[in-house]
Amino acid sequence: EQLIFLVVFLFFSLSFCSFAVSFVPDIISGDFDSARPETVHHYRLKGTEIVHTPDQNFTDFHKAVITLLDHCAKKSHTISSIFVIGAFGGRSDQTMANYHSLYCLGDRVENRIFLIDEQNVCWLLGVGVHEIAATTGCEGEWCSLVPFGKPCRSVTTTGLKWNLCNSKLEVGGLISTSNTWASPSCTVTVETSDPVLWMMGVCWPDS
């Protein structure tokens, strides 16, 4: 069974909104240091499994993915993708920590963890060749390839306005930011010798 999981960040310090009242997750995990007890109790009564993960060596996001993977393994489910809504949260340190988690956890789900908010999507491209179809109409104007933590020895692309050819990407050297598409609807290919972050702007349709 192939399952697509949606990881939603609920900010417990805020008052209930209509979405928070109507949406009932299967699992809520975290250290709950900023969670209102009445909020946690509300979801427990709704049947949500509450998993306390107090380990401060990992972020709540990192622990949530581990909790999800363990939960699915027990039920013999296969995860095809994980979509993380509200993944950037407005804090640069938390964003950096989420990028770090992509590198730490990517192999467990074949790098199918997508960080998403209102204007951005980011995921990790593993070693090899990747095709990204920029044909949905939801693509923003920009896209970037950014190494995180260690250099990417060789990156070659097609389908971008400014393509790379066996280029070395590293912090302190060349990084490919504020790139864009070669045409309004195209397929981008990325061949990389090392893991590298793919980031792009998005324009979600009005609902």
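Note that the structure is predicted; figures quoted are calculated from it, not measured.

With respect to the pattern of salt bridges
Then step 1. The tally for this structure, following the rule as stated, stands at five salt bridges.
Then step 2. Put simply, D60 and K63 hold a salt bridge, and the shortest N to O gap is 3.5 Å. With D60 and K63 both in helix α3 (residues 60–74) and three residues apart, the pair spans about one turn of that helix.
Then step 3. For K63, a relative accessible area of 6% gives the class buried.
Then step 4. In this structure, the salt-bridge partner of K168 is E170, at a minimum N-O distance of 3.8 Å.
Then step 5. Given the relative accessible area of 44%, K168 is considered partly exposed.
Then step 6. Classification of E170 as partly exposed rests on a relative accessible area of 26%.

About the cut-offs
- Residues numbered from 1 in each chain as written.
- Predicted model: local features only at pLDDT ≥ 70, side-chain atom pairs only at ≥ 80, totals over all residues.
- Heavy atoms only, no water.
- Salt bridge = Lys/Arg side-chain N within 4 Å of Asp/Glu carboxyl O.
- Helix = DSSP H or I, 4+ residues; strand = E, 2+ residues; numbered from the N terminus.
- Buried < 20%, exposed > 50% of the residue type's maximum accessible area, 1.4 Å probe, protein only.

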